[in-house]
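Here's the letter readout for the chains.
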Amino acid sequence: MFDNVLYQPASGMLINDISNATLPNAILFSGPDSSGKLTCALELARVLSCHGKGEKKGHWLCTCSSCLHHKALNTPDVIIAGPGDCTPEIKASANTLLSAAASSASWEKAAIYLFIRSVRKLTLRFSPVLWEDDDKAGKVAPYLAAIEELLEEIDPQKELMEYEKLKKTTDSIIKQCSALESDLMYDTIPVNQIRKAAAWARMTVPDSKKCIILENAEKMQDSVRNAILKILEEPPEDAVFILTTSQKSAIIPTILSRVRTYSFIERTKTQQQEIISRVFHVGEKIYDSVSTFLSDFLPISSGEIKKFSISFCNSLLAGKKINLDELIKSLNKFEPRIILKLFFSYIFDYLGQFLREDTNVHKLASRTEKSEEILKAVNIAYNNITIYNQTVISALEALYERIH
């Protein structure tokens with residue numbers, strides 16, 4: 001069990017709870033970004049639905065029909081809700097698959113599963129269960145149909161197609177996934193999806209366990225929190241709700257009291273490099289973290305994002321307004337949304353550095369007042385974009401108005 005969740009004590013705790021039949025129906029996975037929370041949630045879903053007997057129960061190499069479907073994330077028993085940046089992992093997994101195909105590597109089948117799973121980590125967020133009767137459902141369906149049709153050509157149980165055709169197929173899948181994420185991914189979980197997930201969870205299915213994964217639960221609005229609280233008061237017996245977060249402090253106490261928390265740790269640089277090597281089979285290049293590795297697959301480098309963030313900060317500090325249209329265009333319109341997250345994180349880092357770089361008491365007091373004013377305004381702008389769906393340009397324009 002949990003062979004693919006590396007260097008996380010939480011997996012051992014889960015194994016004990018499963019073995020002792022003490023696993024609750026409501027769970028919170030809390031820990032840093034890229035620490036394996038979603039991987040662990042999906043693996044837990046597979047283990048709970050495994051039809052294996054005895055020692056084979058839950059084993060990664062189990063070949064029962066349920067496990068085969070779960071490994072490819074082609075199962076009706078799992079749905080994912082919540083915002084996520086999926087395309088960098090999809091691109092990284094495609095690169096791994098193409099590398100395996102080009103060299104007829106022994107890990108070719110593992111690379112096929114890696115790519116398929118990375119794609120369905122995105123498409124599971126657009127399940128008809130969640131999007132039925134939604135105004136945007138008509139826009140979602142063509143993307144899903146196109147992606148699934150292309151995925152049928154990459155079957156782990158069949159011989160892999162020749163390289164050039166595979167490259168064309170993976171490129172087409174990436175294009176569809178990028179468009180789906182760009183056009184329809186949300187920044188907060190819609191409350192209607194939670195209500196639909198709750199209704200779906202109460203529909204019993206013989207010999208299976210339903211799993212509802214709510215990613216980035218810290219980004220829930222009040223209406224969503226209230227809807228989840230109602231579910232967690234009496235969760236369905238045949239379903240498990242797994243919430244994930246990188247900011248446990250942002251989860252309200254009433255929800256925390258209704259879930260069992262499994263903590264995920266920040267893995268060492270050596271451990272993260274090993275994970276990158278084992279999962280993605282990269283060459284000799286060394287990365288500080290899984291997040292750093294995945295940033296290589298963004299349309300704009302993290303170094304460029306940082307450069308634009310610093311320029312933006314300097315304009316705020318100097319009281320000079322820059323061309324926001326040009327900034328947004330240079331940052332690929334903040335797509336995928338992880339670019340937005342990186343842009344703001346670099347702003348916070350730079351403002352913190354600005355505070356520390358002068359020890360003169362009078363200057364420091366002035367710096368502190370100015371930086372705190374800007375930090376507050378930046379926080380408001382970021383929340384307005386990610387929680388209240390304000391456009392980036394409107395939020396940044398309002399940011400300038402607040403501090404000048």
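Keep in mind it's a predicted model, so treat the numbers as computed, not measured. (Residues numbered from 1 in each chain as written. Predicted model: local features only at pLDDT ≥ 70, side-chain atom pairs only at ≥ 80, totals over all residues. Heavy atoms only, no water.)

Asks: Help me out: how do you make sense of the overall build of the protein in this one?
Replies: Along the backbone of the protein there are 18 helices and five strands. Along the first, second and third principal axes, the C-alpha set of the protein runs to 70 × 55 × 45 Å. Expressed as a percentage of its 404 residues, the buried residues of the protein come to 50%. Here the contacts in the protein between residues at least 6 apart in sequence split such that 74% fall between residues at least 24 apart. Here the protein contributes 48 positively and 50 negatively charged side chains, and the mean placements of these two sets differ by 2 Å. (Helix = DSSP H or I, 4+ residues; strand = E, 2+ residues; numbered from the N terminus. Buried < 20%, exposed > 50% of the residue type's maximum accessible area, 1.4 Å probe, protein only. Contact = heavy atoms within 4.5 Å. Lys, Arg positive; Asp, Glu negative; His and termini not counted. Charge placed at Lys NZ, Arg CZ, Asp CG, Glu CD.)

Asks: Explanation requested: the environment of asparagine 192 in the structure shown.
Replies: For asparagine 192, the location among the structural elements is in helix α9 (residues 191-201). Using a relative accessible area of 45% as the deciding quantity, one classes asparagine 192 as partly exposed.

Asks: Please explain the state of the cysteines as it appears in this structure.
Replies: One covalent bond between the sulfur atoms of two cysteine residues makes up a disulfide. Counted under the stated rule, the structure contains zero disulfides. Among the cysteines around cysteine 67, which has no disulfide bond, cysteine 50 carries the closest sulfur, lying 3.6 Å off. (Disulfide = S-S within 2.5 Å.)

Asks: How do you make sense of the sheet that holds strand β1 (residues 26-30) when you look at a structure like this?
Replies: Within a beta sheet, neighbouring strands are joined by backbone hydrogen bonds and run either parallel or antiparallel to one another. Taking strand neighbours across the sheet as the criterion, the five strands line up as β2-β3-β4-β1-β5 in an open arrangement whose pairing is parallel. Two strands in the sheet have a free side with no partner beyond their single neighbour: β2 (78-81) and β5 (260-263). Going across the sheet, the axis of each strand differs from the next one's by a mean of 20 degrees, ignoring polarity. Of the strand pairs in this sheet, β1 and strand β4 (residues 239-245) are connected by five bridges, and their pairing is parallel. Paired with serine 30 across the bridge in β4 is threonine 245. This element, helix α1 (residues 9-19), spans β1 and β5 of the sheet and lies at about 140 degrees to β5. Against the sheet, α9 engages β2, β3 (210-214) and β4, with an angle of about 165 degrees to β3. (Pairing = 2+ DSSP bridges. Axes fitted to C-alpha atoms, helices over the stretch in contact; angles between N-to-C directions.)

Asks: Help me understand the pattern of salt bridges, please; the structure alone is not making it clear to me.
Replies: Opposite charge on two side chains allows them to pair when their charged atoms are near. Following the criterion strictly, the structure yields 12 salt bridges and no others. Here arginine 120 ties to glutamate 148 by a salt bridge, and the two come within 2.7 Å at their closest N and O atoms. Here the residue arginine 120 occupies a position in helix α5 (residues 108-123), and glutamate 148 occupies one in helix α7 (residues 137-151), the gap between them amounting to 28 residues. Residue glutamate 148 is classed as partly exposed on the basis of its relative accessible area of 26%. Residue lysine 167 pairs with aspartate 171 through a salt bridge whose shortest N-O separation is 2.7 Å. Of the two residues, lysine 167 and aspartate 171 both sit in helix α8 (residues 163-184), four residues apart, roughly one turn of that helix. Residue classification places aspartate 171 among the partly exposed positions, given a relative accessible area of 36%. (Salt bridge = Lys/Arg side-chain N within 4 Å of Asp/Glu carboxyl O.)

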